[in-house]
Amino acid sequence: MTGAVLHVVDGGSGLARDVVTRLRAHGIEAAEDGSLSGANAVLLLGGMAPVETPQDGLTVMRGVFTAAQEVASVMAADGGLFAVVQDTGGDFGLSGGQGDRAWLGGIAALARTAAREWPAASVKAIDCARGDRDSAAVAEAIVAELVSGGPALNVGLPLDGRRVTLDTVAAPRSAEPADAPLDEDGVVVVTGGARGVTPAVLAELAARYRPRLAVLGRTELTEEEPPGLEAAVDQPALVARLAARAPDSGPAAIVARARRILAAREVRRTLAALRADGAEVRYFPVDVTDAPSVHRALAAVREVFGPITGLIHAAGVVHDKSIADKTAEQYEAVLATKLDGLRVLLDATRDDPLRLLCLFSSIAAWAGNPGQSDYAMANEVLGQIAAVERARRPHCLVRSIGWGPWDGGMVTPDIATRFGQQGLDLIPLRAGAGAFAAELQAGHGSAHVILTAGELPDPPTLRAEAPVANGTEHLSEPSGLSLRAGLQPISMAAELFTAAARGWHPDQPIVVLGDIAFDTPGATEPPYGGGSLHVQGVPRRDRLELRLLGAASRVEAVARIGETLSGGVWPDHPYLPPFDGREDSGHVVRWDDVLRMPADGVRIGDLGAVALLEVGGTGVRGEVPHLEAVAVDAVLQLAALWGNHVLGFPVAATGLGEYRRHRFGPAGRTLHCLVHGRDRAGKRAVCDIALLREDQTLYAELLGVALTPHP
């Protein structure tokens, strides 16, 4: 970010100094700084710190979250750059080889939620495997991704040098389901199973497999409900009746008692329904984070039922607040139930013959969710722990299920309305329970599964950011017909949009930009005055919707994903007359000594135009940012010269139907520029443009370039 200092926070990683050195080598002003007051560009390296125990990982996550809170207000109001780095194997824990580092894996989910809460900010989560590489090599990998990695939100950098991004893959159920790991001899411990949506799941399990169920929950059943309250079925009615009976009790005490009574009712109804269906079930009132109590409860389970063969961890709490407003108590409560509880359960069942380990996660871990940064972090850790346990337990079915929103449980009517506004369908209780039971017959497969009622939500909006030098300092005024100092917005957008599309879909051999729209570029001032241009992108199933921010002119496009093109046939126009409007310098277009179009190589006629575009001395790609954008701008200027020739007055490019990028990397020392006239009528002309490399292979095409009077 031009004019801003990138604050690099070490967080115990030992990498900050090397990272800062390499950032400065790339021309980025950076400082190793623990003070983030007012910062709008931050790189948090805490996720690369050493981890020897699960508690170490949780401590690292807490430190990164605290740092995010320091910059949250600035990022939410003004945007900026927010990047986090962690080491969970370079693949966000999917392989399960990260060991106890899985306990810090929620850092990436913090970034995903930040992208939701701070739409004006550029957000990035990098998983960089450290292995036995020294600090300099790790720092170089991180900085290379920051500088040239594009806008992909989640990027993994494994030790083998690959660059991976995350995506979801539809997984239809097998026509021949595997044997479920449950039967009548199974003993399943369930946390959070007596309230919320989990009772529906237990009812389905009881009906299908009839295992013996041990349900753990925090609700005590010792307090007897006073008689005469049966008609009060909700909290307001119950509070009113309790207040009438005990007018001297304080309001807080009355509300707390009403909540205990309602919770106990729900637990008793769940247990009664399960027993009525023939299930053998015991309830243990215990806080899952209390290790001694859990150990005692599970010892009692073994005495009554026998060895434990299944574990379903469904307990969870939410305290929805933005990152900036989240209190330390709320953060700790959310993570404790999910993660401290899981740690206790795994320790308490380490000697049991588990055949099933299922962790109830949330789609928020994958997509982020405003107000649920801590919940997303906790559930992302569940997924990474599931992958670790899957690798450790080859004979155990291990799943972390990222549930979409249910029609019940923690989804209140207000929250349901919010989900509806986001286009998210709610999972009906019976359908969700059936999907869970079916998942137990899906075979071992991946430890990560997402189950939703409809389409997955779109990932957070992406922003790519590129520092831009002031064009008036580098581009000399050419012929004076229709050309002006500074890159046209469409020229820079074509390159930035291409980088954004490649960052999100790095496996695509070409990039096709269509549905391109931009305002008439007629201002006498350059479209930008230095600083930064930004690409904002919204990824869809088969396209990436893109918009250029920071330019005076509006530029939008859609990158179409998965298209294959052979390229058109481009006539060379060998008999076009030479260009007769050369400058004193002998160049039609000149970008200092970096890129030039010699006038004696330009020919223009009614059919079109041809020219040579020469790249300057060795090493210029490292010295001039966005050289490809300058080349695109040059051929648009050549097209404008052709338009002036056929229409008789100065014109500018005011429309572009499609931009096709066929090759990536350096274009070579010389590019052949071809303009093919398609149509001209009145005050408008349309042409197609090709950039060919020295071997005559297509480098890029600009189709349907509309030329209209220069404002």
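Preceding this section is the structure that the text describes.
So, how was this worked out
- Counting restarts for each chain: residues are numbered from 1 in the order of the written sequence.
- For a predicted model such as this one, the threshold for reporting local features is a pLDDT of at least 70, and the threshold for listing and counting side-chain atom pairs is 80 or more; totals across whole chains, interfaces and linings nevertheless cover every residue.
- Here the side-chain values reflect all heavy atoms present in the structure, with hydrogen atoms and water set aside.
- Helix and strand definitions here come from DSSP, where helices need a minimum of 4 consecutive H or I residues and strands a minimum of 2 consecutive E residues; each element is numbered from the N-terminal end.
- Under the scheme applied here, a residue whose accessible area is under 20% of the maximum for its type counts as buried, over 50% as exposed, and between as partly exposed, the area being computed with a 1.4 Å probe on protein chains only.
- Working rule for contacts: check all heavy atoms of both residues, and any pair within 4.5 Å makes them a contact.
- In short, Shrake-Rupley with a 1.4 Å probe defines the accessible areas, and a residue's cover is counted only from the protein chains shown.
- Paired strands, as defined in this entry, are two strands with at least two bridges between them according to DSSP.
- A fitted line through C-alpha atoms serves as each axis, taken over the contacting stretch for helices, and the angle formed by two N-to-C directions is quoted from 0 to 180°.
- Any carboxyl oxygen of Asp or Glu that lies within 4 Å of a side-chain nitrogen of Lys or Arg is treated as forming a salt bridge with it.
- The pairing test for Phe, Tyr and Trp rings, Trp by its six-membered ring, is centres within 6.5 Å, and the orientation test on the planes gives stacked under 30 degrees, edge-to-face over 60, and tilted for anything in between.
- Remark: a charge is flagged as sitting over a ring if the NZ atom of Lys or the CZ atom of Arg is within 6 Å of the ring centre and within 35 degrees of the ring normal.
- By definition here, a helix of n residues has an expected span of 1.5 Å times n minus one.
- One axis fitted to the seven residues ending at a residue, another fitted to the seven starting there: the angle between these axes is the bend at that residue.
- Orientation categories follow fixed angle ranges, with anything under 35 degrees roughly parallel, anything over 145 roughly antiparallel, 65 to 115 roughly perpendicular, and all other angles oblique.
- In this scheme, a crossing is called left-handed if the near helix is turned counterclockwise away from the far one by less than a right angle; it is called right-handed if the turn is clockwise.
- Charged means Asp, Glu, Lys or Arg here, nonpolar means Ala, Val, Leu, Ile, Met, Phe, Trp, Tyr, Cys or Pro, and polar covers whatever is left, Gly included.

Next up on the list: the overall build of the protein chain. A tally of regular secondary structure across the protein chain gives 16 helices and 28 strands. The buried share among the 711 residues of the protein chain stands at 55%. Restricting the contact set of the protein chain to residue pairs at least 6 apart, pairs at least 24 apart contribute 75%. Accessible surface computed for the protein chain: about 29100 Å², of which carbon and sulfur atoms make up 50%.

The phi dihedral of F92 is positive, around 55°, even though this residue is not glycine. Within the element layout of this structure, F92 appears in the loop between β4 (80-86) and α3 (107-117).

What follows concerns the sheet that holds strand β7 (residues 164-165). Taken in spatial order, the seven strands of this open sheet run β2-β1-β3-β4-β5-β6-β7, and their pairing is mixed. What marks the edges here is a single partner per strand, and that holds for β2 (30-32) and β7. Where strand β1 (residues 6-9) and strand β3 (residues 41-47) come together, three bridges link them in parallel fashion. Counterpart to V8 in the pairing with β3 is L43. Packed onto the sheet, helix α2 (residues 54-78) meets β3, β4 and β5 (121-128) and runs at close to 170° relative to β3. Across the sheet, helix α4 (residues 135-148) lies against β3, β4, β5 and β6 (154-157), angled at about 145° from β5, the strand it touches most.

Moving on, we come to the pairing of strand β27 (residues 684-692). For β27, the tally of buried residues reaches eight of nine residues, placing the bulk of the element in the interior. Pairing of strand β26 (residues 670-681) with β27 involves nine bridges; the strand directions are antiparallel. When the bridges of β27 are listed, V675 appears paired with I689. With antiparallel pairing between neighbouring strands as the criterion, β26 and β27 make up a hairpin whose turn holds two residues, including G682 at a positive phi of roughly 60°. Sheet topology note: the β27/strand β28 (residues 698-709) ladder contains seven bridges and is antiparallel.

Moving on: the pattern of salt bridges. Going through the model one piece at a time under the given rule, you end up with 22 salt bridges. Among the salt bridges present, the one from E145 reaches K124, with a minimum N-O distance of 3.0 Å. One end of the pair, E145, is in helix α4; the other, K124, is in strand β5, and 21 residues separate them in sequence. Residue classification places E145 among the buried residues on the basis of a relative accessible area of 4%. In this structure, D340 and R343 form a salt bridge, with 2.8 Å as the shortest nitrogen-oxygen distance. Linking D340 with R343, this pair stays in helix α9 (residues 328-348), spanning three residues, or about one helical turn. Owing to a relative accessible area of 23%, D340 belongs among the partly exposed residues under this scheme. Judged by relative accessible area, R343 falls into the partly exposed class, the value being 28%. When salt bridges that share partners are traced, they join R560, E658, R660 and E701 into one network.

Attention now moves to the packing of aromatic side chains. All told, the structure shown has five aromatic pairs when counted by the stated rule. Ring centres 5.1 Å apart and planes at 90° place the aromatic pair F82 and W118 in the edge-to-face group. Separated by 36 residues along the polypeptide, F82 in strand β4 and W118 in the loop between α3 and β5 bring together distant segments of the chain. Across the pair, W118 and F82 agree in class, each one buried. Here the aromatic rings of F360 and W403 are separated by 5.6 Å at their centres, their planes lie at 65°, and the arrangement is edge-to-face. With a gap of 43 residues between them, F360 in strand β12 (residues 356-362) and W403 in strand β13 (residues 397-403) connect regions that are remote in the sequence. Judged by relative accessible area, which is 5%, W403 ranks as buried. Among the aromatic residues, those joined into a ring-pair cluster are F360, W403, W406 and F436. For R112, the ring lying beneath its charged end belongs to F92, and the centroid distance is 5.6 Å.

Here the focus is α2. A rise of 1.5 Å per residue sets the reference length of α2, with its 25 residues, at 36 Å; its end C-alpha atoms lie 36 Å apart and thus fit the reference within 8%. The sharpest bend along α2 comes to roughly 50°, located at V71. At the C-terminal side of α2, G79 shows a positive phi close to 75°.

Once that is clear, we can look at the packing of α9 against helix α11 (residues 373-392). For the pair α9 and α11, the least separation of the axes is 8 Å and the interaxial angle reads 15°. Of the possible angle classes, the one that applies to α9 and α11 is roughly parallel. Between α9 and α11 lies a crossing whose hand is right-handed. Counted together, Q330, Y331, V334, L335, K338, L339, L342 and L346 of α9 and D374, Y375, M377, A378, N379, V381, L382, I385 and E389 of α11 form the full contact between these two elements. A breakdown of the residues in the contact of α9 with α11 according to their chemical character gives twelve nonpolar, two polar and three charged.

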